[in-house]
Amino acid sequence: MSIFYRSFTELFKLKIKNTHLWFICQLIGSFALTFFNYIHDRSLQNASFIATWLTNFLYLTFLFIGIYYCITCITHEKVNRNQTWRLIPMSSSGLYADNMLSSFVSVAFFCILEIISNIIFLSITMLVDRQFAKEVIKSFQYANADATKIDFQIVSSILSLVFILILLGFLFYFIVDFLNFSSRSIADFLPGSNGQAYIRVIIILLIILIAWTIINTNNFIASIVLYPLSFLRGDLFSDNHTLSNIIILLITFNVVLAIINLFSYNKFFEASESK
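Anyway, here's the lowdown on the structure attached to this text.

Conventions we followed
- Residues numbered from 1 in each chain as written.
- Predicted model: local features only at pLDDT ≥ 70, side-chain atom pairs only at ≥ 80, totals over all residues.
- Heavy atoms only, no water.
- Helix = DSSP H or I, 4+ residues; strand = E, 2+ residues; numbered from the N terminus.
- Buried < 20%, exposed > 50% of the residue type's maximum accessible area, 1.4 Å probe, protein only.
- Lys, Arg positive; Asp, Glu negative; His and termini not counted.
- Salt bridge = Lys/Arg side-chain N within 4 Å of Asp/Glu carboxyl O.
- Contact = heavy atoms within 4.5 Å.
- Core = buried A, V, L, I, M, F, W, Y, C linked by side-chain atoms within 4.5 Å.
- Patch = residues over 30% accessible without salt bridge, like charges linked within 9 Å, V, L, I, M, F, W, Y side chains within 5 Å.
- Areas by Shrake-Rupley, 256 points an atom, 1.4 Å probe, with all protein chains shown as cover.
- Phe/Tyr/Trp six-rings, centres within 6.5 Å; stacked < 30°, edge-to-face > 60°.

**Structural notes on the environment of Thr55**
So, step 1. Relative to the assigned elements, Thr55 resides in helix α3 (residues 49–81).
So, step 2. With 25 residues separating them in the primary sequence, Thr55 and Ser30 have C-alpha atoms 8.5 Å apart.

As structure tokens, then:
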């Protein structure tokens, strides 16, 4: 357990070491976006600059979370392919679980930092712009009044959304691993497949196969991905049975892909030396 924890800690540090750079880019990017909007849109000249800056910072939050998730996918695969990490005195299954958990926790950590940074930015904006502060306080008062109307269905929908996002986060990691492991495993059985050309072709074919499977499946698969968007629009599922099926299906996909990936990682996938 101590080896598992130490390797998890090192992997987590590896994946969050450049986190501060992303916040700097987000801050500069939102400032530049606000500045150019003020230059080209005269209707914004009467609005508060810092409040508009806060709004753009909030919008970019979702974009940067998606970018950060993609970056962790790349780092995740680099660790899987790195022979040095395979030298750790622990099972391949334990290393794979460590890598997977550290990737997901790093994304969760980044999301928490984004929430904190938005709260700090909001507080600074309220201190600088009194009119904006009055509007925010008024909005909180309306929210507190509406809070008494929250019923079990809304709370259940919020918890379901969080759980579905967690399952989708793991699922995309498992899909990337599946494409990586399966393509390399198949390429190893092909004659003269030492180059990367076979792997690229196999990955493309696997992506096409997965896409074809999803398209030819009923609309139930699409509802899984569209549920977070439906929630943001205010369209909550009234059918708890459908929502339960979505969660069960996501859990099934995660478990099946995890088993396949663990088997491939242990039996067929060989790491290479880092360059």
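**Section: the side chain of Asp98**
So, step 1. Its place among the elements puts Asp98 in helix α5 (residues 92–128).
So, step 2. With no salt bridge to any partner, buried Asp98 finds its closest opposite charge in Lys15, at an N-O distance of 8.7 Å.
So, step 3. Setting aside residues no more than four positions away along its own chain, Asp98 makes contact with Ile3, Phe4, Ser7, Phe8, Leu11 and Met90.

**Brief notes about the nonpolar core**
For soluble globular proteins, the rule of thumb is that nonpolar side chains tend to be buried together.
So, step 1. Within the largest apolar cluster, 32 residues are counted, with the highest numbers of intra-cluster contacts made by Tyr96, Met100, Ile164, Tyr173, Phe174 and Leu250.
So, step 2. Looking at this core, the elements that each hand over two or more residues are α1 (2–16), α3, α5, α7 (152–189) and α10 (240–267).
So, step 3. Ranked by residue count, the leading element in this core is α7, at eight residues.
So, step 4. Setting aside anything within four residues of it in sequence, one finds Tyr96 in contact with Asn80, Phe174, Asp177, Phe181, Asn261, Leu262 and Tyr265.
So, step 5. Residues Ile50, Trp53, Phe57 and Phe121 belong to the second largest nonpolar core, which totals five residues.

**Concerning a nonpolar patch on the surface**
So, step 1. Taken together, the side chains of Ile158, Val162, Phe163, Ile166, Ile251, Val255 and Ile259 define a hydrophobic patch exposed on the protein surface, amounting to about 550 Å² of accessible area.
So, step 2. Every element with two or more residues in the nonpolar patch is listed here: α7 and α10.
So, step 3. The element contributing the most residues to the nonpolar patch is α7, with four residues.
So, step 4. Mapped onto the elements, Val162 comes out in helix α7.
So, step 5. Take Val162: its relative accessible area is 44%, and that puts it in the partly exposed class.

**Here's the deal with the packing of aromatic side chains**
So, step 1. By the definition in use, this model includes 15 aromatic pairs.
So, step 2. Ring geometry for Tyr69 against Tyr173: centres 4.7 Å apart, planes inclined by 35 degrees, an arrangement best described as tilted. Of this pair, Tyr69 sits in helix α3 while Tyr173 sits in helix α7; the two residues are 104 residues apart in sequence, bridging distant segments of the chain.
So, step 3. For Tyr69, a relative accessible area of 15% corresponds to the buried category.
So, step 4. An aromatic cluster is present here, built from Phe31, Tyr38, Phe49, Trp53, Phe57 and Phe121 joined pairwise through their rings.

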